[in-house]
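Below are the chains, spelled out letter by letter.
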Amino acid sequence: MSTGKFCTFEGIDGCGKSTQLARVAERLRGAGTPCLVTREPGGTAVSEKIRELLISPDNKGMCSEAELLLYLAARAQHVREVIKPAVDRGETVLCDRFERATFAYQGGGRGLDVDAIRGINGFATGGMEPDMTFIIDIPVEVSMERLKRIGKGTDRVESAGASFFERVRNAYVCAAEADPYRVKLLDGTMGIDELTDEIMGVIACAGG
Ligand SMILES: Nc1ncnc2c1ncn2[C@@H]1O[C@H](COP(=O)(O)OP(=O)(O)O)[C@@H](O)[C@H]1O
Ligand SMILES: [Mg+2]
């Protein structure tokens, strides 16, 4: 049995990750490809508990280092309990955020040392890396408008302010420039259908 593909969806809030994940999963399943949809932080009982700590507005005093380690603790459990077993069973795993979010938010946004993040992230994942990453890029103002329209945007991370999200967005764009083969930068202001077509095209080219 062949191993499955591990695809991750990244980008600032409101860029369309959840929208595209659901549509891509539906198309893949329709074509007979078994796939598993999951998210970070989360995806396991332990990791969802860590997620609650991370997004709770009660935890405003959390330092950036503690935040990083909690994200990575959640990831360590998620990789071993869910992602790797599914890929080994031959399923395509579609994950809402993964390591690129850590580099973008904790590296770009919070300013933590990127080499340190790389080291602990590698420890947390046991070396498991996405085969393909889709970064859906939108301007910060578009993100704010979309979140406002759907009544979202008040959790601990989302309340960080526009300049924080500019740094996060830039870090995402740099990630795509640094590894264009595995990291695809998509224009998230395109139509929803066009974006799905583009993502499906990339997945098809990669053979699965
Ligand atoms: N390409 C797009 N163009 C316009 N609106 C979009 C697009 N993609 C998503 N949206 C809308 O933006 C909002 C946020 O989308 P969502 O998929 O929840 O983003 P994310 O999961 O990245 O936070 C939703 O209301 C969604 O319908
Ligand atoms: Mg979402």
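Residues numbered from 1 in each chain as written. Chains lettered and ligands numbered in written order. Predicted model: local features only at pLDDT ≥ 70, side-chain atom pairs only at ≥ 80, totals over all residues. Heavy atoms only, no water.

Right, let's talk about the pattern of salt bridges for a bit. Tallying each qualifying case throughout the model produces 13 salt bridges. Between D197 and R27 there is a salt bridge; the shortest N-O distance is 2.8 Å. Pair noted here: D197 is in helix α8 (residues 192-205) and R27 is in helix α1 (residues 17-30), with a separation of 170 residues, a long-range link. Judged by its relative accessible area of 36%, R27 is partly exposed. Via salt bridges that share partners, D13, R97 and K152 belong to a single interconnected network. (Salt bridge = Lys/Arg side-chain N within 4 Å of Asp/Glu carboxyl O. Helix = DSSP H or I, 4+ residues; strand = E, 2+ residues; numbered from the N terminus. Buried < 20%, exposed > 50% of the residue type's maximum accessible area, 1.4 Å probe, protein only.)

On to the nonpolar core. A general trend in soluble globular proteins is that nonpolar side chains are found buried together. If you look at the biggest cluster of nonpolar residues, it comprises 33 residues, and the most contacted ones within it are F9, V24, L94, Y105 and F134. Going through the elements one at a time, β1 (6-10), α1, α4 (99-109), β4 (132-137), α6 (140-149), α7 (162-178), β5 (183-187) and α8 are the ones with two or more residues in this core. Broken down by element, this core gets its largest block of residues, six residues, from α7. In this view, V24 contacts F9, L94, T196, I199, M200 and I203; residues no more than four positions away in its chain are not counted. (Core = buried A, V, L, I, M, F, W, Y, C linked by side-chain atoms within 4.5 Å. Contact = heavy atoms within 4.5 Å.)

As a further point, take the site of ligand 1. Neighbouring ligand 1 are 14 residues, the closest being G14, K17, S18, T19 and M190. Contacts to ligand 1 include K17, whose side-chain N or O atom sits 2.8 Å from an oxygen atom. M190 has a polar backbone atom sitting 2.7 Å from a nitrogen atom of ligand 1. In isolation ligand 1 offers 560 Å² of accessible surface; the protein chains occlude 78% of this area. Secondary-structure elements contributing two or more residues to the shell around ligand 1 are α1 and α8. Sort the elements by how many residues they give to the shell around ligand 1 and α1 lands first, with three residues. (Near = heavy atom within 4 Å. Polar contact = N/O pair within 3.5 Å; in protein donor to acceptor, adjacent residues only side chain to side chain. Areas by Shrake-Rupley, 256 points an atom, 1.4 Å probe, with all protein chains shown as cover.)

Glancing now at the packing of α4 against helix α5 (residues 114-125). Relative orientation of the contacting elements α4 and α5 amounts to 150 degrees, with a least axis distance of 10 Å. Between α4 and α5, the interaxial angle falls into the category roughly antiparallel. Both α4 and α5 take part in a crossing whose hand is right-handed. Each of E99, T102, F103, Q106 and G107 in α4 lies in contact with α5, whose residues at this interface are V114, I117, R118 and N121. (Axes fitted to C-alpha atoms, helices over the stretch in contact; angles between N-to-C directions. Parallel < 35°, antiparallel > 145°, perpendicular 65-115°, else oblique. Left-handed = near helix turned anticlockwise from the far one by under 90°.)

What follows deals with the sheet that holds β4. Strand order across the open sheet formed by five strands is β2-β3-β1-β4-β5, with parallel pairing between neighbours. On the outer flanks of this sheet lie β2 (35-39) and β5, each paired with one strand and no other. On average, adjacent strands in this sheet sit at an angle of 20 degrees to one another, irrespective of strand direction. Judged from the four bridges that link them, β1 and strand β3 (residues 92-96) form a sheet pairing that is parallel. (Pairing = 2+ DSSP bridges.)

The end-to-end C-alpha separation of α1 is 20 Å, in line with the 20 Å expected for 14 residues at 1.5 Å each. The secondary structure elements touched by the buried residues of α1 are β1, β2, β3, β4 and α8. Just downstream of α1 lies G32, where phi reads positive at about 85 degrees. (Expected span 1.5 Å × (residues − 1).)

So, on to the environment of A178. Here A178 is to be found in helix α7. When its relative accessible area of 67% is taken as the criterion, A178 is described as exposed. Along the primary structure A178 and A104 are separated by 74 residues, whereas in three dimensions their C-alpha atoms are 13 Å apart.

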